[in-house]
Amino acid sequence: MTADDSFGRLDDDDYPAYTMGRAAELLGTTPGFLRAIGEARLITPLRSAGEHRRYSRYQLRIAARARELVDQGTPIEAACRIIILEDQLEEARRRNAEYRESRRTAGV
């Protein structure tokens, strides 16, 4: 990989650029919190060659939402389920809008 390839990844929300320690620091939480939301299958960090967890910016946004809910008193398992359901609802809305648009352009 060249330096130019590496710089292109800086804008990639899915690139696992953050170690567990750095991710926890950015979120103001503990590595244990990140492990817990991983065990709840909210996010699945990628692993480095040395088997260390690595997180993407997208995963950090999800973890931040979980942290927000937990800080409001929601149990971690419930917070993870809420986020999964929010994501499913957003996907259903997106698909519904695409369907309506395709019907509109087809003249149906």
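Caption draft 1: Main features of the side chain of S56. With respect to the helices and strands, S56 occurs in the loop between β3 (53-55) and α4 (57-71). Of the polar contacts made by the side chain of S56, one reaches the backbone oxygen of D13; its length is 3.3 Å.

Caption draft 2: Representation of unusual backbone geometry within the structure. Even without being a glycine, R41 presents a positive backbone phi close to 65°. Position of R41 among the secondary structure elements: in the loop between α3 (31-39) and β2 (46-47). At E51, a residue that is not glycine, the phi angle is positive and equals roughly 70°. Relative to the elements of secondary structure, E51 occurs in the loop between β2 and β3. For E51, a relative accessible area of 53% corresponds to the exposed category.

Caption draft 3: Quick peek at the sheet that holds β3. Reading across from one edge, β1-β3-β2 is the order of the three strands in this open sheet, with antiparallel pairing throughout. Of all strands in the sheet, those with a lone pairing partner are β1 (18-19) and β2, marking the two edges. Note: β2 against β3, two bridges, orientation antiparallel. Within β3, the position partnered with R47 by the bridge is R53.

Conventions and cut-offs
Residues numbered from 1 in each chain as written. Predicted model: local features only at pLDDT ≥ 70, side-chain atom pairs only at ≥ 80, totals over all residues. Heavy atoms only, no water. Helix = DSSP H or I, 4+ residues; strand = E, 2+ residues; numbered from the N terminus. Polar contact = N/O pair within 3.5 Å; in protein donor to acceptor, adjacent residues only side chain to side chain. Buried < 20%, exposed > 50% of the residue type's maximum accessible area, 1.4 Å probe, protein only. Pairing = 2+ DSSP bridges.

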